[in-house]
Every structure is written in C-alpha cells, then in structure tokens.
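Structural description and commentary
These are the residues of each chain, in order.
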Amino acid sequence: MWDNGVVTKVAALGDPAPGGGTYSGLGTESFGFQDGTFIPTGPVPDINDSDQIAFRAIVSGGITGRGIVVRMGQVDEWYVKVPDPTPIGGTYLDMQAASINNAGQIAFFADYHPTPDTINSGWFAGAPGNWRKVVVFFDPIDGGQCLGLAFSRNPMQTIDAAGNVVFWTNLDSNGTSDRLVLGLTDGNLLIAARRGDPTPIGGTFGSMDAWPAVNGNVGTLNVATPGAQNGALSAHMAFNHCPSGTPTPTATPTPTATPSTTPTPTATPTPSVTPRPTPTPRRRPTPRPRPTPPG
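Below is a short write-up of the structure. (Residues numbered from 1 in each chain as written. Predicted model: local features only at pLDDT ≥ 70, side-chain atom pairs only at ≥ 80, totals over all residues. Heavy atoms only, no water.)

1. A few points about the overall build of the chain
In plain terms, the rule: A run of H or I in DSSP becomes a helix once it reaches four residues, and a run of E becomes a strand once it reaches two; helices and strands are each numbered from the N terminus. Residue exposure (1.4 Å probe, protein chains only): buried if accessible area is under 20% of the type maximum, exposed if over 50%, otherwise partly exposed. Here, residues are in contact when the closest pair of their heavy atoms is within 4.5 Å. Calculation of accessible area relied on Shrake-Rupley with a 1.4 Å probe; when residues are assessed, cover is drawn exclusively from the protein chains displayed.
A count of helical and extended segments in the chain gives zero helices and 25 strands. Burial analysis of the chain (295 residues in total) assigns 48% to the buried set. Residue pairs at least 24 apart in sequence account for 47% of intrachain contacts in the chain once pairs closer than 6 positions are excluded. Element-wise, carbon and sulfur atoms account for 55% of the exposed surface of the chain, whose accessible area totals about 13500 Å².

Right under this line is the structure:
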C-alpha cells in the first residue's frame, strides 16, 4: 500500500492467513510470452477511504482453500470464504476479487453450489452478517431471464456508497439482449440501459461493455451506438441514478466517434460452468456463459 510516499506490504505468498495456513495464491492472473516469461496482471486489491483493503486469497493448510480477505490496520479478516453458506442457500465454490465501498461493504462474483450436485454463478454483496444476492443466472430481469453475466473488479468500482451494485447481463443465448442494471439494496433491479433503446446522441444502444463502474449516483456505460449522429459508432456515456429511481443515460461532454473496439459479450450455444480446483490465469475479465440448467 502506498501512503504519503511510503510503500508497505499488504500480503505476500507464504504470509499467515486468518485462522491458519499460509497464502499460496494472490495475483493468479498473468500474460505469457513466447520466451516463457510472464507478467502478473491481477487481480489487484481494492481499497476504500478508511484504508480497508479487500483482496482475493488462495490458501494452503488453512481453514479454507480460498476466499476474500479484508485488512484493517494490520489485521486480516475472512469476509467470505469457501464453503461458507450463501444468502440464498447452498455454499460458495469460488469467488472473484471484490470491490469495497467506504461502508466496508463488498461486491463480488461467485460460483456456488445451490445443492451439493449443482453449480450456479452470480453477484453477491454486503458484509459479514448482512449478505444479499444481487443476481444469479436464470433470475427474471426486465421481462426476460438472466443468461449472461461477467465478473468485474478493481479498477472498475462495482458497488456504490449505499451498497447498490452495477452489473451487465444478457437476456438471450445469442448475446444480443444486453442490459446494464443497477442492483439496489432492497432487491429491486433498475435498468440503466437496454439494447435497442434510443440513445441521447441518436441511434440505439448496441452491444455494451460488460465491465461498468459506479461512483455515487453516476455509473459508466461504454456502448456501441448504431445510427448515432455524425456516424458515431460507439460512445462513452454516464447514467444518473435519479431520486425517482429511474437511471438516465447521458452522453459524456466530449464523446469520440471511433470504430468500435468495445468488447462484445457473447454466449456460447451450449455453455457450462465447471469448478476449477486450481486458479486459471485469465488475460482479462470475461463474460460468463450461462450454466446448464438443472435437469
């Protein structure tokens, strides 16, 4: 951690983990090159204004194999770990790195066992003693069903000061029904942007970046804009969570018309989600295909 010009260690491989054991995996993602070298890419910790630091950890010889740790001062605490119970039943199987807000609440994407023989995935948020589900695969959303999700983490801030969580989803298996959604603390879901709806710069919302962020009442939306003014193929936009509860997307003051390089989330025709006994390096967060519905 950097503080006023001084860098201090937060955690390192071999350090003791809460409750026993040692950290055996922290930055588990990297880019590989032809010469056999690798550059670590994440996941990186997140920090709030109170210097609480949230990070994902894999542990050897401890009370769990993996989970999310929050450090305050010099004390590490397991916020959530495998196989803790989820707020909707079942137990956690794995989780991605978390975002943390100034209230000490986190938001994270997790795989979990609804029953011992089934697997599902989704977003969860809260703090110890007060967890909630934000959304999981097959939940009803905007007249459809959640069939696509993506995990997102620092440097994208997914949870605001009140505990609301922003996420991307897709409502069909062809990847053409994007929604940007704000999951409120009361369980309601507000649609911030809907593919096919008109945009503030003309044209319609197209494919959406699956890794949004939120800060206060403002969230981000990076989206293709077919038919927009002056031939703008894509735009960076922001949406406001208004007092009325209806998010209102607006164009940023200086949108740049460029050929679309926004990642396009797609769902595979017959996807499945399987547990990974060891962490798998990933180049970047990727949209998750829907798991196979239980028979």
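2. Description of the pattern of salt bridges
As a reminder, the rule being used: Salt bridge, as used here: a side-chain nitrogen of Lys or Arg that lies within 4 Å of a carboxyl oxygen of Asp or Glu.
Taken as a whole and assessed by the stated rule, the structure comprises eleven salt bridges. The residue D139 makes a salt bridge to K133 at a minimum N-O spacing of 2.9 Å. On the basis of relative accessibility, which here comes to 28%, the residue K133 falls in the partly exposed class. Its salt-bridge partner being R179, residue D142 comes within 2.6 Å of it at the nearest N-O pair. Of the two residues, D142 sits in the loop between β15 (140–141) and β16 (144–145) while R179 sits in strand β19 (residues 178–183), which places them 37 residues apart along the sequence. Among the charged side chains, a network of salt bridges with common partners joins D142, R179, R194 and D197.

3. With respect to the pairing of strand β14 (residues 130–136)
Residues in a regular strand point their side chains to alternate faces of the sheet. Let me state the cut-off plainly: Whether two strands pair comes down to DSSP finding at least two bridges between them.
Pairing between strand β13 (residues 120–127) and β14: six bridges, direction antiparallel. If you follow G122 over to β14, its bridge partner there is V136.

4. Comments concerning the packing of aromatic side chains
Rule in force here: For Phe, Tyr and Trp, rings pair up if their centres lie within 6.5 Å, where Trp contributes its six-membered ring, and each pair is then called stacked (planes under 30 degrees apart), edge-to-face (over 60) or tilted (otherwise).
Applying the stated criterion to the full structure yields ten aromatic pairs. Considering the side-chain rings of Y23 and F55, the 5.8 Å spacing of their centres and the 75° angle between planes classify their relative orientation as edge-to-face. Taken as a pair, Y23 in strand β3 (residues 22–25) and F55 in strand β7 (residues 53–60) lie far apart in primary sequence, 32 residues in all. F55 shares its class with Y23; the two are buried. The interplanar angle of 75° and the centroid separation of 6.3 Å between the aromatic rings of Y79 and W131 together place this pair among those described as edge-to-face. With Y79 in strand β9 (residues 75–81) and W131 in strand β14, the pair connects residues that are 52 residues apart, well separated along the chain. Classification of Y79 by relative accessible area gives buried; the value is 10%.

5. With respect to the nonpolar core
The criterion, for reference: Buried Ala, Val, Leu, Ile, Met, Phe, Trp, Tyr and Cys residues that are joined via side-chain atoms within 4.5 Å together make up what is termed a nonpolar core.
The biggest cluster of nonpolar side chains holds 22 residues, and the ones touching the most others in it are L180, F205, M208, L221 and M237. Secondary structure elements with two or more residues in this core: β18 (165–170), β19, β20 (189–194), β22 (218–224) and β23 (234–241).

6. Some words on the environment of L189
When you line up the elements, L189 lands in strand β20. The sequence separation of L189 and P140 amounts to 49 residues, and the corresponding C-alpha distance is 9.9 Å. Leaving out residues up to four positions away in the same chain, L189 has contacts with V134, P140, I141, F167, V181, L182 and G183.

Any link to function would need more than the numbers given here.
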